[in-house]
Amino acid sequence: MLEQLYFAMEVFLNGLMAGVLYALVALGFVLIFKASGIFNYAQGVMALFSALTLVGIMDGQVPFSHIINATLGTDIHHFGWHVPALFAIFGTVIVMVLFAWIVQRYIFRHLVGQEPIILFMATIGLAYFLEGVGDLMWGSEIKKLDVGLPQGINDTIDQVTYEMFGYGFFIDNLDIVATVVAVLLVIGLVIFAQYSKEGRAMRAVADDHQAALSVGVSLNFIWIMVWSVAGFVALVAGIMWGTKSGVQFSLSLIALKALPVLMLGGFTSIPGAIVGGLIIGVGEKLFEFFMSSSALAGELFGFTISATENWFAYVLALIFLVFRPQGLFGEKIIERV
Amino acid sequence: MLDSTESYVTEDGRTIGGVVMEMKNITLRFGGVVAIKDISFDIREGEIRAIIGPNGAGKSSMLNVISGFYVPQEGEVLFHGKPRPQLRPYEVAQQGIARTFQNIALFEGMTVLDNVMTGRLNKMNAGLLAQAIWRGKAEKEEIENREKAEKIIDFLEIQHIRKTPVSRLPYGLKKRVELARALVSEPSILLLDEPMAGMNVEEKEDMSRFILDVNDEFGTTIALIEHDMGVVMDLSDRVVVMDYGKKIGDGTPSDIRNNQAVIDAYLGVAHD
């Protein structure tokens, strides 16, 4: 029984770590939604695209090499150099800022004042477009991403817990790094939004466009900035997920897991995205552990279910929608009649 | 008739300078509807200039043209004697022309102090890095901006609600917060779109007093739109009267009071 408890604790901790990764994706959604009212379906694809670009730059891949080779009859694939991770990350940030500018200049500038559903549809289009561009630019095979983050079991925790409880906890080093990075990122974002000039302007735009214009804030500039920041958050998420499970196109599907996170945390709250992510991460891991264990669910209900991780988050989100539609931290929606 | 650079002293001892802004043959159309038809008038430095007229006369449209929210199809705006290129609203604000809105455009989610502080956004020049490490320029600017904001908050007597979220304030106070946000940017021209709309007599008196004080204390040029004829006549140095997009009168309050076209527009006229 004690063994079971320790195992449950380990599952809980791992759930927290998984939750951090969900929260990272959800964070990108919240940023754009707050500042421009756009629900950005493409956030997951942005994470994928940034990870692809990062790998491509690091490995010295030639962008669009398939098209170039097919039209010119050449056979080039690599420049033959390797770029250090830090420079490659810097390069990817520049690409994401450029992407933000293009998105603002060619899509959303023309859709100012449109219905939210139209903006949402535009981001769906953007998602598929970006996925296609990513494929054309960097190829569709699964790539390994290694920016030098530590991976594998953390031996210290394993040993210490073994000596204390007689049971070694399995915690992945990468998960610890991801947690630290996510915490730093959130602190940074909150300070930026609360105290910097650009952050204040961002909050102003989020609150009232007309009023923001009247105090001399350029909406265009703020929107480009917000998309850039969201691109940066996507890059961080892309690095973590890519390192964990390889850079592959199914990465864009993690965006769907961010949806229940947002329903829990609220679409407009940065802390909400974090708490929501953690609840979903822990909830689905513990639920899976409980329901699939013959000693627990088997004893209690007489049956076990497995693979609950696929649907648990959505069911939880549905329950939340019934009882607290604005999420844990979202702004309360009051309609006066 | 005064020359555009000449200045004069009013009865109550304020000095009104030369022309700072001039509207020249402005025409604004929305599709087939002509909102403003060939209107010209000027605003002198340090004066309180009122734009009045019945509903739908095009007053708000005129203010929107000045503040860059609307682009007129014809005519030009001269600022300090030079034709102003077509600017976006935020660029107009950066030139030192602040405004308030008829339907109040405040940041509802922020406190009064935060709202007022947004009025200082354009006065912050420190780079992001300086702000992050909170050194040198950033620190100095922030302290200075905060001082200015507190001064204006004191001036408009809204200290007691400094930390209250704007969404919880009554209408009259919201109007005053909006004025504070416009004022804190130390504008050279202040545009007020119906600053007294929907207020009771007492609130109107308060607002009138603040407008006069602002003009007196800071020497701010004020252009305002107002429905209430009595208030306008007491407040303003010169009045433009609009009706159906056309200018039907322009002059001192006493000129306007005796202008037959204005009387007709306001009281109606028998068509026979």
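Note that the structure is predicted; figures quoted are calculated from it, not measured.

Draft legend 1. Inspection of the environment of B:Asp193 at higher detail. All names here are of chain B. Locating Asp193 in the fold gives a position in strand S9 (residues 189-193). A sequence separation of 30 residues divides Asp193 from Ala223, and the C-alpha atoms of the two residues are 8.6 Å apart. Once residues within four sequence positions are removed from consideration, Asp193 is found in contact with Ser60, Leu63, Arg99, Thr100, Phe101, Gln102 and Ile225.

Draft legend 2. Highlighting the pairing of strand S3 (residues 19-30) of chain B. Residues and elements named next belong to chain B. Two strands pair when backbone bridges link them, and S3 and strand S4 (residues 33-44) are joined in this way by eight bridges, in the antiparallel orientation. Looking at the pairing, Phe30 lines up with Val33 of S4. From the end of S3 to the start of S4, which pair antiparallel, there are two residues, and Gly31 there has a positive phi angle of about 60 degrees. Bridge count between S3 and strand S6 (residues 74-79): five bridges; the pairing is antiparallel. When the sheet's bridge partners are listed, Glu22 is paired in S6 with Leu78.

Draft legend 3. Focus on the packing of helix H2 (residues 43-59) of chain A against helix H4 (residues 85-106) of chain A. All names here are of chain A. Taken N-terminus to C-terminus, the directions of H2 and H4 make an angle of 135 degrees; their axes are 9 Å apart at the nearest point. Accordingly, the angle class assigned to the pair H2 and H4 is oblique. Every pair of crossing elements has a handedness; the one defined by H2 and H4 is right-handed. Of the residues in H4, those touching H2 at Ser50, Thr53, Leu54, Ile57 and Met58 are Ala85, Ala88, Ile89, Gly91, Thr92, Val95 and Met96. Of the residues that constitute the contact of H2 with H4, the class distribution is eight nonpolar, four polar and no charged.

Draft legend 4. Broad picture of the packing of helix H1 (residues 2-36) of chain A against helix H10 (residues 219-245) of chain A. Residue and element names in this part refer to chain A. The contact between H1 and H10 brings their axes to 9 Å, and the two run at 175 degrees. In this view, H1 runs roughly antiparallel relative to H10, as classed from their interaxial angle. For the pair H1 and H10, contact is made by Leu21, Leu24, Val25, Leu27, Gly28, Leu31, Ile32, Ala35 and Ser36 and by Ile222, Trp223, Val226, Trp227, Val229, Ala230, Val233, Ala234, Val236, Ala237, Met240 and Trp241, respectively. Here the residues of the contact of H1 with H10 sort into 19 nonpolar, two polar and no charged.

Draft legend 5. Representation of the sheet that holds strand S5 (residues 48-52) of chain B in the model. All names here are of chain B. Strand order in the open sheet made by the six strands is S8-S9-S10-S5-S11-S12, with mixed pairing throughout. If you trace the sheet from one side to the other, it starts and ends with strand S8 (97-99) and strand S12 (246-251), each paired once. The mean angle between the axes of side-by-side strands here comes to 15 degrees, regardless of whether they run parallel or antiparallel. Sheet topology places strand S11 (residues 238-243) next to S12; five bridges connect them, and they run antiparallel. Paired with Met242 across the strands is Lys247, a residue of S12. Strands S11 and S12 of the sheet are contacted by helix H10 (residues 260-267), whose axis makes an angle of about 125 degrees with S12.

Draft legend 6. Structural context of the interface of chain A and chain B. In this assembly, 16 residues from chain A lie in contact with 21 residues from chain B. For the side of chain A that touches chain B, the secondary structure elements donating two or more residues are helix H8 (197-207) and helix H9 (209-214) of chain A. Of the residues forming the side of chain A that touches chain B, the biggest block, six residues, is contributed by H8(A). Its residues placed into classes, the side of chain A that touches chain B shows six nonpolar, five polar and five charged.

How each quantity is defined
- Residues numbered from 1 in each chain as written.
- Chains lettered and ligands numbered in written order.
- Predicted model: local features only at pLDDT ≥ 70, side-chain atom pairs only at ≥ 80, totals over all residues.
- Helix = DSSP H or I, 4+ residues; strand = E, 2+ residues; numbered from the N terminus.
- Contact = placed C-beta atoms within 7 Å.
- Pairing = 2+ DSSP bridges.
- Axes fitted to C-alpha atoms, helices over the stretch in contact; angles between N-to-C directions.
- Parallel < 35°, antiparallel > 145°, perpendicular 65-115°, else oblique.
- Left-handed = near helix turned anticlockwise from the far one by under 90°.
- Nonpolar A, V, L, I, M, F, W, Y, C, P; charged D, E, K, R; others polar.

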